[in-house]
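# Fold and geometry: a report
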Amino acid sequence: MKTIDQKTFSLTLPDGWEVLSAEDDEALVYKGTKISDYLSNPALNITIRDTDGMTFDQIMQTMAEEMGITPAPDVAIDGHACKAFILSEGGEDSLGLLYNRSADGKETTNFAIIFFIHTTQDDQEALGIVSSIVFK
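Only a predicted model underlies this, so the values are computations on that prediction, with no experimental measurement involved.

## Digging into the side chain of S132
- Position of S132 among the secondary structure elements: in the loop between α2 (124-131) and β10 (134-135).
- One polar contact links the side chain of S132 to the main-chain carbonyl oxygen of I129, over a distance of 2.7 Å.
- If we skip the residues at most four places from it in the chain, S132 touches S10, L11, T12 and A103.

## Section: the pattern of salt bridges
- What the rule picks out here adds up to six salt bridges.
- The salt bridge partner of K2 is E18, with a shortest N-O separation of 2.6 Å. Taken together, the residues span a long stretch of sequence, with K2 in strand β1 (residues 2-5) and E18 in strand β3 (residues 17-23) at a distance of 16 residues.
- The partly exposed category is assigned to E18, whose relative accessible area is 27%.

## Points about the sheet that holds strand β5 (residues 43-50)
- A sheet is described by the order of its strands in space; here seven strands give the open sequence β3-β4-β5-β9-β8-β7-β6, paired in antiparallel fashion. Of all the strands in the sheet, just β3 and β6 (70-77) have a single pairing partner and so form its edges. Shown here is a sheet whose adjacent strand axes are inclined to one another by a mean of 25°, direction ignored.
- One ladder, built from eight bridges, connects β5 with strand β9 (residues 110-117); its direction is antiparallel. Pairing of N45 across the sheet is with F115, part of β9.
- Contacting β6, β7 (80-89), β8 (92-99) and β9, helix α1 (residues 56-67) crosses the sheet at an angle of about 5° to β7.

## Details of the pairing of β9
- In terms of residue burial, β9 counts as a mostly covered element, since eight of its eight residues are buried.
- Both faces of β9 are covered, namely the face carrying N110, A112, I114 and F116 and the face carrying F111, I113, F115 and I117.
- As defined by bridge partners, β8 adjoins β9 across five bridges and the pair is classed as antiparallel. When the bridges of β9 are listed, Y99 appears paired with A112.

## A few points about the side chain of S94
- Its location among the elements puts S94 in strand β8.
- When neighbours within four sequence positions are excluded, S94 is seen to be in contact with F85, I86, L87 and F116.

## Points about the layout of surface pockets
- What the largest pocket holds in volume is close to 200 Å³.
- If you go around the largest pocket, you meet 13 residues; those closest to its centre are N100, R101, S102, K106 and E107.
- Of all the secondary-structure elements, those providing two or more residues to the lining of the largest pocket are β7 and β8.
- Element by element, the count of residues in the lining of the largest pocket is highest for β7, at three residues.
- Counted by class, the lining of the largest pocket contains five nonpolar, four polar and four charged residues.

Here is what the cut-offs are and how they apply
Residues numbered from 1 in each chain as written. Predicted model: local features only at pLDDT ≥ 70, side-chain atom pairs only at ≥ 80, totals over all residues. Heavy atoms only, no water. Helix = DSSP H or I, 4+ residues; strand = E, 2+ residues; numbered from the N terminus. Polar contact = N/O pair within 3.5 Å; in protein donor to acceptor, adjacent residues only side chain to side chain. Contact = heavy atoms within 4.5 Å. Salt bridge = Lys/Arg side-chain N within 4 Å of Asp/Glu carboxyl O. Buried < 20%, exposed > 50% of the residue type's maximum accessible area, 1.4 Å probe, protein only. Pairing = 2+ DSSP bridges. Axes fitted to C-alpha atoms, helices over the stretch in contact; angles between N-to-C directions. 1 Å grid on protein atoms, 1.4 Å probe; cavity = no way out; pocket = protein on both sides within 12 Å on 5 of 7 lines; lining within 4 Å. Points joined across faces, edges and corners; volume = space filled by probe spheres on them. Nonpolar A, V, L, I, M, F, W, Y, C, P; charged D, E, K, R; others polar.

Such coordinate-based values are descriptive only and should not be taken to indicate function.
What follows is the structure in structure tokens.
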């Protein structure tokens, strides 16, 4: 297992997952052993943001206006519903989630925008990564 520890968050990657890039409020991780695996293997693009006092419904509305996302049925992670959406780019649909349950149980105004690349919400390793997020 590998831990990413950044300024605004940390998370744990299972064996077989690598970091393509990580910054203070963002991480791009993929399953594989070489960078080119990112092009076809499961990956997660995780960006940490502050809610700025907005509800998830308001955030979803803003994202629909600015990015053209389409709402999708909620996705359950560890028994908690997460707002989900679809982003279509270049003829490919990607599942996205708004996630704010810190693994350490702390309340926070931060949340993650997570894009599932070459995978879905049925990928247990990807869901494990999401549920390991700790907001700082």
